[in-house]
Amino acid sequence: MCGIVGYIGNKQAGPILLEGLSKLEYRGYDSAGIAVRDGENEAEVVKSLGRLANLEEKTDSGKAIPGNCGIGHTRWATHGAPSQSNAHPHVSGNCTGSGSGKVESLVVGVHNGIIENYQELKAKMERHGYAFYSQTDTEVLIKLVDYYYKKYKVGPIDALAKTIVRVRGSYALAVMFKDYPGKIFVARKDSPMIIGKNDDEVFLASDVPAILNHTRQVYYIGNLEMAELSAGEVTFYNLDGDTVQKKLTTIEWDAEAAEKGGYEHFMMKEIHEQPKVAMDTLNKYVKEVDGKNVIDLSEAGLNADVLKSISQIYIAACGSAWHVGVQAQYVIEELADIPVRVELASEFRYRKNSLDKDALLVVISQSGETADTLAALRMAKEKGIKTLAIVNVVGSSIAREADYCMYTLAGPEISVATTKAYTCQLLCTYLLAVELGKARNVVDVYDYYIDEILELPKKIESTLENNERIQWFASKYASAQDIFFIGRGIDYAICLEGSLKLKEISYIHSEAYAAGELKHGTISLIEEGTLVIGSLTQSDLYEKTLSNMMECKSRGAYLFGLTSAGKYDVEDSVNFAVYVPKTDEHFSGVLGIIPLQLLSYYISLSKGLDVDKPRNLAKSVTVE
Ligand code: G6P
């Protein structure tokens, strides 16, 4: 969702801001803007609707606007339609246009998040003579800062503190004050923001890729904290206005990891990175002790005593991370013999029922910033339940707030449709399942499971070699209207993710169904030629799902069967068969998804769609 950048230093700010925004495009946006100050001069605001290329054109890639201090924003509309006047930056001055140009203003700012009580605040500001040119909650926020700044006359940090106390919601806010040239002031609650620094410069961003070309030294600003930024200097404050000391952290990701590296799209690059990042993630948690491989979750803070004390597992996540949870539910219940309940974080967070106090809540998130997942985590913590996060982004809110944290080593994931982070998350749940089973004394083939898991990266690699057939199939089905995915158990979880991948980037309607449910409604949608993809990697459920597929075939469906090599020969029954390497069936999900990722990619490509930045979607959903 919305991306924020900021720069203060000895270089021209415009080009740096635009370059930073281009690295945040993947987050999803519909308009963009920058505000740059040249010394003591008024800030110049330029905004445009649509792609960043429009803003680049208007500003000659940022070069047309002089000044060394500025802020920028890509907006994903929440309050108010995508339009130039609703685009950020917003200004405190009363103006009639879209708030662009050199608008006489005390405060100019950008914001990511949602101000929940903005209507009430807007009415208050109107009573105080403020006039609004946009429908956004952000303009209200900027005018509120202006109001407190003028009312109390004790400086920007104090004005921000007064504002924070008054607003409800989430924000990563960056503002420039007319009276403070060469400075940016920021405040944060529940929306991501990092501050990068080197000797003479300071960078501000919602996410790491935006600043990687300039520095790897970053500060994480905490919730309800503020900071004053000037060239090469950052001072943090708490709500009382007292200074807060912070240490710089080094980002290990290198700049290249966030580039396309010869691939046409990030998604394809990330699909092909899976064997490597899977191995990196496994190497973090599997150690050799006395010549034997053992799972060691101590880096996550977990040990056998903690694992033994757990009597119930809850899993909460959103999107693909929730699909990881659905699959983990089957794997953990079978391997560790412990009840698992998986829920969408947006539902779990509002659950009124009492939760088992000896439970462990596992939250799964690539970004570590998803608003609902973070809220589910906080809710569980408030109830005294232990929490484990499986997270990709180091230092993210979820990673910092959970009691235990398993990092996935997927590296920066830029494509909106997740692939490599999903795979690494799944692997973490496999390790957790085996280790929980061991701690609970229910696993008698511990070494075998670890060996099977360690073989997975190589098997992912060989699955990726199936490329051409899938590509051919994708071109044949690119014009499909509806596609159905069916499976049972772990195969059902594979279907959920396969179906989501497809709709996200190909805009083809698709549904994933537990195969046994088909006859309770969906089968009425099957017509001559409808594509039905059946996942068939689980022996005990194979025949049952195959029968369900045959029921579809009798009604005209075209069948795509996905199964394990050397185990079944589905070719006699289906129209198109795809095999993944054989593995212990608990772990087949990590292989089964690969052909479906490729299928979605190639369908999107055949349709000429924007694979990495699908319409209306955001990479990181930081609002409810
Ligand atoms: C968005 C992304 C999905 C992701 C979901 C959860 O919808 O497009 O790919 O699965 O958010 O995000 P998280 O960062 O918590 O994994």
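Residues numbered from 1 in each chain as written. Predicted model: local features only at pLDDT ≥ 70, side-chain atom pairs only at ≥ 80, totals over all residues. Heavy atoms only, no water.

Caption draft 1: Main features of the overall build of the chain. For the chain, the helix and strand inventory stands at 18 helices and 27 strands. Each principal axis of the C-alpha distribution contributes one length, and for the chain these read about 75 × 55 × 45 Å. Within the chain, the fraction of its 624 residues that count as buried is 63%. Summing over all exposed atoms, the chain offers an accessible surface of approximately 22600 Å²; the carbon and sulfur share of this is 46%. (Helix = DSSP H or I, 4+ residues; strand = E, 2+ residues; numbered from the N terminus. Buried < 20%, exposed > 50% of the residue type's maximum accessible area, 1.4 Å probe, protein only. Areas by Shrake-Rupley, 256 points an atom, 1.4 Å probe, with all protein chains shown as cover.)

Caption draft 2: Just empty space enclosed by the protein, in detail. Counted under the stated rule, the structure contains six cavities of 30 Å³ or more. Roughly 150 Å³ of volume is contained in the largest cavity. As for the largest cavity, its lining consists of 17 residues, of which Pro 192, Ser 206, Asp 207, Glu 369 and Val 393 are closest to the centre. Here the residues of the lining of the largest cavity are counted per class, giving seven nonpolar, five polar and five charged. What the second largest cavity holds in volume is close to 70 Å³. Around the second largest cavity, the lining residues are Arg 37, Asn 41, Glu 42, Ala 43, Val 103, Ser 105, Leu 106, Val 108, Met 176, Phe 177 and Lys 178. Partitioning the lining of the second largest cavity into residue classes produces six nonpolar, two polar and three charged. (1 Å grid on protein atoms, 1.4 Å probe; cavity = no way out; pocket = protein on both sides within 12 Å on 5 of 7 lines; lining within 4 Å. Points joined across faces, edges and corners; volume = space filled by probe spheres on them. Nonpolar A, V, L, I, M, F, W, Y, C, P; charged D, E, K, R; others polar.)

Caption draft 3: Structural context of the sheet that holds strand 25 (residues 531-536). Taken in spatial order, the five strands make up an open sheet running 24-23-25-26-27, and their pairing is parallel. Two strands close off the open sheet at either side, each with one partner strand: strand 24 (509-514) and strand 27 (576-580). Sheet twist, expressed as the mean angle between neighbouring strand axes with direction ignored, is 20 degrees. By the bridge criterion, four bridges tie strand 23 (residues 482-487) to strand 25 in an arrangement that is parallel. Considered in strand 25, the bridge of Phe 484 is made with Val 532. (Pairing = 2+ DSSP bridges. Axes fitted to C-alpha atoms, helices over the stretch in contact; angles between N-to-C directions.)

Caption draft 4: Spotlight on the layout of surface pockets. Space inside the largest pocket adds up to approximately 530 Å³. Lining the largest pocket we find 27 residues, and of these Cys 318, Gly 319, Ala 618, Lys 619 and Val 621 sit closest to its centre. For the lining of the largest pocket, the secondary structure elements donating two or more residues are helix 9 (319-336), strand 20 (359-365), helix 11 (371-382) and helix 16 (490-506). No other element matches helix 9, which puts three residues into the lining of the largest pocket.

Caption draft 5: Structural detail: the environment of Asp 540. Mapping Asp 540 onto the fold places it in helix 17 (residues 539-553). In this structure the C-alpha to C-alpha distance between Asp 540 and Gly 489, which are 51 residues apart in sequence, comes to 10.0 Å.

Caption draft 6: View of the side chain of Lys 122. Structurally, Lys 122 can be placed in helix 3 (residues 118-127). With no salt bridge to any partner, buried Lys 122 finds its closest opposite charge in Glu 126, at an N-O distance of 5.0 Å. (Lys, Arg positive; Asp, Glu negative; His and termini not counted. Salt bridge = Lys/Arg side-chain N within 4 Å of Asp/Glu carboxyl O.)

Caption draft 7: Representation of the packing of helix 16 against helix 18 (residues 589-606) in the model. As a packed pair, helix 16 and helix 18 sit with axes 9 Å apart at the nearest point and diverge in direction by 20 degrees. Classified by the angle between their axes, helix 16 and helix 18 sit roughly parallel to one another. Regarding helix 16 and helix 18, the two cross each other, and that crossing is right-handed. Only Gly 589, Gly 592, Ile 593, Leu 596, Ser 600, Tyr 601, Ile 603 and Ser 604 of helix 18 make contact with helix 16, whose side of the interface consists of Ile 490, Ile 494, Glu 497, Gly 498, Lys 501, Leu 502, Ile 505 and Ser 506. (Parallel < 35°, antiparallel > 145°, perpendicular 65-115°, else oblique. Left-handed = near helix turned anticlockwise from the far one by under 90°. Contact = heavy atoms within 4.5 Å.)

Caption draft 8: How the structure looks around helix 14 (residues 446-464). Its 19 residues give helix 14 an end-to-end C-alpha distance of 28 Å, which sits within 8% of 27 Å, the value for a rise of 1.5 Å per residue. At Leu 456, helix 14 shows its maximal kink, close to 35 degrees; a proline, Pro 457, follows between one and four residues later. Among all positions of helix 14, only Tyr 446, Tyr 449, Ile 450, Glu 452, Ile 453, Leu 454, Leu 456, Pro 457, Lys 459, Ile 460, Thr 463 and Leu 464 are buried. (Expected span 1.5 Å × (residues − 1). Bend = angle between axes of the 7 residues up to and from the residue.)

Caption draft 9: Representation of the site of the ligand. Surrounding the ligand, one finds 14 residues, the nearest of these being Ser 320, Ser 365, Gln 366, Ser 367 and Thr 370. Interatomic distance of 2.6 Å between a side-chain N/O atom of Ser 365 and an oxygen atom of the ligand. At a separation of 2.6 Å, an oxygen atom of the ligand approaches a polar side-chain atom of Ser 367. Taking 390 Å² as the accessible area of the ligand by itself, protein coverage stands at 90%. The element best represented in the shell around the ligand is helix 9, accounting for three residues. Tallied by class, the residues present in the shell around the ligand amount to five nonpolar, seven polar and two charged. (Near = heavy atom within 4 Å. Polar contact = N/O pair within 3.5 Å; in protein donor to acceptor, adjacent residues only side chain to side chain.)

Caption draft 10: Representation of the sheet that holds strand 15 (residues 249-250) in the model. Read across the open sheet, the eight strands follow the order 3-2-4-1-10-9-11-15; overall the sheet is antiparallel. Looking at the sheet topology across the chains shown, the edges are occupied by strand 3 (44-49) and strand 15. Direction of pairing for strand 9 (residues 194-197) relative to strand 11 (residues 217-220): antiparallel, over a ladder of three bridges. The residue bridging Gly 196 from the neighbouring strand is Val 218, located in strand 11. Strand contacts of helix 2 (residues 52-59): strand 2 (31-37), strand 3 and strand 4 (69-75), with the helix running at about 140 degrees to strand 3, the strand carrying the most contacts.

Caption draft 11: Region of the structure containing the pairing of strand 21 (residues 386-391). Buried residues dominate strand 21, accounting for five of its six residues. Handedness of the crossover joining strand 20 and strand 21 through helix 11 is recorded here as right-handed. Pairing of strand 21 with strand 22 (residues 404-407) involves four bridges; the strand directions are parallel. In the strand pairing of strand 22, Ala 389 is matched with Cys 405. (Right-handed = clockwise from strand over helix to strand, strands pointing away.)

Caption draft 12: Just unusual backbone geometry, in detail. For the bond from His 88 to Pro 89, the omega torsion is 0 degrees, close enough to zero to count as cis. The phi torsion at Asp 60 lies on the positive side, around 50 degrees, for a residue other than glycine. Of note, Asp 60 is situated in the loop between helix 2 and strand 4. The partly exposed category is assigned to Asp 60, whose relative accessible area is 44%. Residues other than glycine seldom take positive phi values, yet Leu 224 does so here, at roughly 60 degrees. By the element assignment, Leu 224 lies in the loop between strand 11 and strand 12 (225-230). Among the residues examined, Leu 224 registers a relative accessible area of 33% and is labelled partly exposed.

Caption draft 13: Highlighting the packing of aromatic side chains. Considering all chains together, one arrives at 20 aromatic pairs under this definition. Ring centres of Tyr 219 and Phe 236 lie 5.2 Å apart, and the angle between their planes is 70 degrees; this geometry places the pair in the edge-to-face category. With a gap of 17 residues between them, Tyr 219 in strand 11 and Phe 236 in strand 13 (residues 233-237) connect regions that are remote in the sequence. Residue Tyr 219 shares its accessibility class with Phe 236, and that shared class is buried. Note on Tyr 449 and Phe 587: the rings are 5.9 Å apart at their centroids and 85 degrees apart in plane angle, and the pair reads as edge-to-face. Taken together, the residues span a long stretch of sequence, with Tyr 449 in helix 14 and Phe 587 in the loop between strand 27 and helix 18 at a distance of 138 residues. Tyr 449 sits in the buried class, given a relative accessible area of 10%. (Phe/Tyr/Trp six-rings, centres within 6.5 Å; stacked < 30°, edge-to-face > 60°.)

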